[in-house]
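Architecture and fold: a report
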Amino acid sequence: MPTNTKILTQEFEYFAPKTLEEVLDLLDRYKDKNTKILAGGTDLLVKMKTIDLKVDYLINIKDISELNFINTDEGLKIGAAVPLSHIEKIEKVKTKYPALYEGIKSMAAIAIRNMGTIPGNICNASPAGDTVPPLIAYGAEVKLVSRRGERTVLVEDFITGVGETIIKAGELVTQVNIPEINKNSGSAFSKKSRVKADIAKINLAIWLEREGNLCKDCKIVLGSVFTKVVRAKKAEDLLKGQAVNTDLIIEIAKKASEEIKPIDDVRSTAEYRTDIAKVMVEDTIKIAWERAGGEL
Ligand SMILES: Cc1cc2nc3c(=O)[nH]c(=O)nc-3n(C[C@H](O)[C@H](O)[C@H](O)COP(=O)(O)OP(=O)(O)OC[C@H]3O[C@@H](n4cnc5c(N)ncnc54)[C@H](O)[C@@H]3O)c2cc1C
């Protein structure tokens, strides 16, 4: 059982570089050691204090101006140093990406959102991370950079399990890219937690695109119901290309609740998660459909 010391008792070397070039040099130099990027620290420092995570080299990226940007020209491009609380204030996030807006607003208190970042939430790879379902629903990618080069990877493929990602030694996430939203699409986020701003018992994001009364395309993404955030692909297939009505939505919600594989843990039971998933998927599809201009 790890001890929460409330203070950092382990020794480590701390760097506060001012440029991305410096970060890449440090990551390359210490790629064979226990080296971690520090963004907001709202996950990392907690883990270091409970001493279940040993870090030798800590590289703070919060002072790097190249990573502190939000570009709204085409979709959304968000740098790795941008605090969550800045993202929730962007008008385009509120109006065009409501699932992301609602996901961020559901997280913790403002003090944590003033520190925490989207890449921190993604790289922490918790199955309950609240930005992850919306990002997967919107088809977002992370840009990974190292001395070896650059690559972009879908958030959906980046996280592989509890606390596990495909990031390699020497790499960091420099930005998150979210594609432009098509006209006639709608999205929504929903979360159940013990109290407001707590970690999710279950969370969910839906994105869909409407063509008349048909659902042209959709993603149904659930968190806290498996070892990583997952899409309910059989339920998505039931919705795609179909005329949307209340009976169909009820059928899709049932299918989604059958596809997930939740477990019993400190936050909830598998039984509750399965039952509530049905209700949440039904309600959230209805909201997304209405936001897409659809009628029921
Ligand atoms: C009181 C409290 C309440 C919370 N409530 C919620 C909640 O409701 N919902 C929720 O989802 N989370 C919650 N969290 C968790 C946390 O706030 C979020 O996961 C946050 O987004 C983490 O971002 P960060 O920048 O602080 O990450 P950090 O702690 O700095 O980093 C987390 C991990 O990601 C790595 N990392 C960070 N940035 C990069 C990068 N650019 N490239 C490569 N690796 C990187 C770090 O090395 C570390 O392994 C809560 C935390 C606290 C303390």
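Residues numbered from 1 in each chain as written. Predicted model: local features only at pLDDT ≥ 70, side-chain atom pairs only at ≥ 80, totals over all residues. Heavy atoms only, no water.

1. Structural notes on the overall build of the protein chain
The cut-off we apply is this: Helix and strand definitions here come from DSSP, where helices need a minimum of 4 consecutive H or I residues and strands a minimum of 2 consecutive E residues; each element is numbered from the N-terminal end. This radius of gyration counts C-alpha atoms alone. The globule rule is 2.2 Å times how many residues there are, raised to the power 0.38. To sort residues, take the accessible area from a 1.4 Å probe on protein chains only and compare it with the maximum for the residue type: under 20% means buried, over 50% means exposed, and anything in between is partly exposed. The contact criterion used is simple: two residues touch if any of their non-hydrogen atoms lie within 4.5 Å. All accessible-area figures derive from a Shrake-Rupley calculation using a 1.4 Å probe, and residue coverage is judged against the displayed protein chains alone. Positive charges come from Lys and Arg alone, negative charges from Asp and Glu alone, with His and the N- and C-terminal ends not counted. Every charge is mapped to an atom, namely NZ of Lys, CZ of Arg, CG of Asp or CD of Glu.
A tally of helices and strands in the protein chain yields 12 helices and 14 strands. Radius of gyration (C-alpha) of the protein chain: 19 Å, near the 19 Å computed for a compact globule of 296 residues. Considered along the principal axes of its C-alpha atoms, the protein chain spans approximately 60 × 45 × 30 Å. The burial tally for the protein chain puts 49% of its 296 residues in the buried class. The contacts in the protein chain between residues at least 6 apart in sequence include a share of 60% that link residues at least 24 apart. Summed over all atoms, the accessible surface of the protein chain reaches about 13,900 Å², with 51% contributed by carbon and sulfur. For the protein chain, the distance from the average site of its 44 positive side-chain charges to the average site of its 43 negative ones is 2 Å.

2. What to know about the domain arrangement of the protein chain
The condition that has to hold: Residue ranges assigned to each domain were obtained from an automatic or database domain assignment. Accessible area that two parts lose when put together, evaluated with a 1.4 Å probe and summed over both, is termed the buried area. Between N or O atoms, a polar contact is any pair within 3.5 Å; within protein, one atom must be a potential hydrogen donor and the other a potential acceptor, and residues adjacent in sequence are included only when both atoms are from side chains. Classification used: nonpolar for Ala, Val, Leu, Ile, Met, Phe, Trp, Tyr, Cys and Pro, charged for Asp, Glu, Lys and Arg, polar for all others including Gly.
Parsing the protein chain into structural domains produces domain 1 (13–60), domain 2 (65–178) and domain 3 (185–291). Distance from the C-alpha centre of domain 2 to the C-alpha centre of domain 3: 21 Å. The partner domain 3 presents 23 residues to the 26 residues of domain 2 that form the contact. Of the roughly 1,800 Å² buried where domain 2 meets domain 3, counting both sides, 57% is carbon and sulfur surface. The largest per-residue losses of area from domain 2 upon contact with domain 3 belong to Pro127, Pro133 and Ala137, which jointly make up 28% of the total buried on that side. Here domain 2 is connected to domain 3 by 11 residue pairs in polar contact (both at pLDDT 80 or more). When residues of the side of domain 2 that touches domain 3 are traced back to their parent elements, those giving at least two are α5 (98–105), α8 (132–137) and β8 (159–161). Classifying every residue of the side of domain 2 that touches domain 3 by side-chain character gives 15 nonpolar, 7 polar and 4 charged.

3. Comments concerning the sheet that holds strand β11 (residues 185–192)
Under the convention used in this document: In this scheme, strands are said to pair when DSSP sees at least two bridges between them. In this analysis an axis means a line fitted to C-alpha atoms, helices contributing only their contacting stretch, and an angle means the value between N-to-C directions, from 0 to 180 degrees.
In space, the 4 strands of this open sheet follow the order β11-β12-β13-β14, with antiparallel pairing throughout. Both outer strands of the open sheet, β11 and β14 (230–231), are each paired with one neighbouring strand and no more. The sheet contact formed by strand β13 (residues 214–223) and β14 spans 2 bridges and is antiparallel. The partner of Val221 across the bridge, within β14, is Arg231. Docked against the sheet, helix α12 (residues 270–291) engages β11, β12 (202–211) and β13, running at close to 150° with respect to β11.

4. So, helix α1 (residues 20–29)
Quick note on the threshold: Each C-beta atom gives one direction from the helix axis, and the arc is the one those directions make.
Looking only at α1, the buried set comprises Leu20, Val23, Leu24, Leu26 and Leu27. Buried residues in α1, looked at end-on, bunch into an arc of 165°, giving them a common side. Against the buried residues of α1 lie β1 (13–15), β2 (35–38), β3 (57–60), β6 (141–146) and β10 (172–178).

5. Re the nonpolar core
Using the following cut-off: Think of a nonpolar core as a cluster: buried Ala, Val, Leu, Ile, Met, Phe, Trp, Tyr and Cys residues, connected wherever their side-chain atoms sit within 4.5 Å.
Ranked by internal contacts, the top residues of the largest apolar core, which has 36 residues, are Leu100, Ile118, Ile122, Leu135, Val142 and Ile178. No fewer than three residues from each of domain 2 (65–178) and domain 3 (185–291) sit in this core. Of all hydrophobic cores here, the second largest spans 29 residues; its members include Ala188, Leu222, Val244 and Leu248.

6. Here we look at the sheet that holds strand β5 (residues 76–79)
The strand order across the open sheet formed by 5 strands is β4-β5-β10-β6-β7, and the pairing between neighbours is antiparallel. In this open sheet, the two edge strands, each paired with only one partner strand, are β4 (70–71) and β7 (149–154). Judged from the 6 bridges that link them, β6 and β7 form a sheet pairing that is antiparallel. Paired with Glu141 across the bridge in β7 is Leu154. Sheet strands touched by α1: β6 and β10. Its angle to β10, the strand with the most contacts, is close to 130°.

7. Details of the site of the ligand
Defined as follows: In this text, near means that some heavy atom of the residue lies within 4 Å of the molecule or strand in question.
Around the ligand, a shell composed of 32 residues is seen, among which Ile37, Thr42, Asp43, Thr117 and Asp130 lie nearest. A distance of 2.9 Å separates an oxygen atom of the ligand from a polar atom in the backbone of Ala39. In the environment of the ligand, a nitrogen atom lies 2.8 Å from a nitrogen or oxygen atom belonging to the backbone of Val173. When the ligand is considered free in solution it has 980 Å² of accessible area, and contact with the protein chains removes 87% of it. Elements that contribute at least two residues to the shell around the ligand include exactly β2, α7 (118–124) and β10. Broken down by element, the shell around the ligand gets its largest block of residues, 5 residues, from α7. A per-class count over the shell around the ligand returns 17 nonpolar, 10 polar and 5 charged.

8. So, the environment of Ala188
Among the structural elements, Ala188 can be located in strand β11. Assessed through its relative accessible area of 1%, Ala188 is described here as buried. When the C-alpha positions of Ala188 and Glu66 are compared, they lie 31 Å apart, and in sequence the two are 122 residues distant. Excluding its chain neighbours within four sequence positions, the residues that come into contact with Ala188 are Ala99, Glu102, Leu204, Ala205, Ile206, Thr284, Ile287, Ala288 and Arg291.

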